[in-house]
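Residues per chain are reported as follows:
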Amino acid sequence: MRIKIAMALMSVVFMFVVGILSNGFYLLPGTDEDVLLELMSTISLFGSVLFLLEARKVLPRWHMAVPFCVSLFLLVIVSFWKVSGTEFLSDYKYLVTPLVITLLALLSPFSLLVFLSLHRHPYSMKAYLAVSSIASVISIFSLFFAVWELSSRHSHEASFSDGLIAIYLLYWLIVMPITGLSFLHRAIK
């Protein structure tokens, strides 16, 4: 039962863009994107830690979920860094956005590892593995394309091509919520 609750909590970070859109329609008054990211990633981090604690008792491949937990921990740290605005690391604020984009892009491949750790009955997990595999391919492709495009530019301005923006919109608006719904569906089932 606790694993199901943990999976439901883990799904929260995948609804980040849905939260931003809700905030845009003033459904979550008084929060900005940075605070929303920190809140959602913290909830998912709590869920992933709970998942690891419970899964190590019953799943032989529980360790496959560790990268997901580590990426959420780093996302919490980076989003806290962005929200806090401390003077200590203020010279490195330009690194926050690329780190957040990278960590959000790595969540899909790491979610594949979470589903593989649960892979006891191949037919019951086939849909979850397919969804997270497709999400991982889109995620890694968009991340590779972003790094390639940024490295090919000679200016320090972060301007992206229309193709890259379309890939990220596909990933954030469709793929991430579907992956989150996969976690929720697995938790309910």
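Residues numbered from 1 in each chain as written. Predicted model: local features only at pLDDT ≥ 70, side-chain atom pairs only at ≥ 80, totals over all residues. Heavy atoms only, no water.

All right, on to the pattern of salt bridges then. Taken as a whole and assessed by the stated rule, the structure comprises two salt bridges. Notably, a salt bridge pairs glutamate 54 with arginine 2, separated by 3.2 Å at the nearest N-O pair. You can see glutamate 54 sitting in helix α3 (residues 33-58) and its partner arginine 2 sitting in helix α1 (residues 2-10), a full 52 residues away along the chain. What makes glutamate 54 buried here is its relative accessible area of 15%. (Salt bridge = Lys/Arg side-chain N within 4 Å of Asp/Glu carboxyl O. Helix = DSSP H or I, 4+ residues; strand = E, 2+ residues; numbered from the N terminus. Buried < 20%, exposed > 50% of the residue type's maximum accessible area, 1.4 Å probe, protein only.)

The next thing to look at is the packing of aromatic side chains. Tallied over the full model, the rule gives five aromatic pairs. Considering the side-chain rings of phenylalanine 14 and phenylalanine 68, the 6.0 Å spacing of their centres and the 20 degrees angle between planes classify their relative orientation as stacked. Separated by 54 residues along the polypeptide, phenylalanine 14 in the loop between α1 and α2 (16-24) and phenylalanine 68 in helix α4 (residues 66-84) bring together distant segments of the chain. The buried category is assigned to phenylalanine 68, whose relative accessible area is 0%. (Phe/Tyr/Trp six-rings, centres within 6.5 Å; stacked < 30°, edge-to-face > 60°.)

Moving on, we come to the side chain of serine 136. Here serine 136 shows up in helix α6 (residues 122-152). According to the relative accessible area criterion, serine 136 is buried, its value standing at 8%. Only 3.1 Å separates the side chain of serine 136 from the backbone oxygen of serine 108, close enough to count as a polar contact. (Polar contact = N/O pair within 3.5 Å; in protein donor to acceptor, adjacent residues only side chain to side chain.)

Where α1 contacts α3, the axes come no closer than 7 Å and their chain directions differ by 150 degrees. In terms of axis orientation, α1 runs roughly antiparallel to α3. Crossing angle aside, the handedness with which α1 passes α3 is left-handed. In this structure, α1 contributes Arg2, Ile3, Ile5, Ala6, Met7, Leu9 and Met10 to the contact, and α3 contributes Ile43, Ser44, Phe46, Gly47, Ser48, Leu50, Phe51, Glu54, Ala55 and Val58. Tallied by class, the residues present in the contact of α1 with α3 amount to 12 nonpolar, three polar and two charged. (Axes fitted to C-alpha atoms, helices over the stretch in contact; angles between N-to-C directions. Parallel < 35°, antiparallel > 145°, perpendicular 65-115°, else oblique. Left-handed = near helix turned anticlockwise from the far one by under 90°. Contact = heavy atoms within 4.5 Å. Nonpolar A, V, L, I, M, F, W, Y, C, P; charged D, E, K, R; others polar.)

To continue, consider the side chain of serine 111. Considering the arrangement of structural elements, one finds serine 111 in helix α5 (residues 96-117). The exposure class assigned to serine 111 is buried, which follows from its relative accessible area of 0%. Discounting chain neighbours no more than four positions away, the residues touching serine 111 are Phe14, Phe68, Ser132, Thr179 and Phe183.

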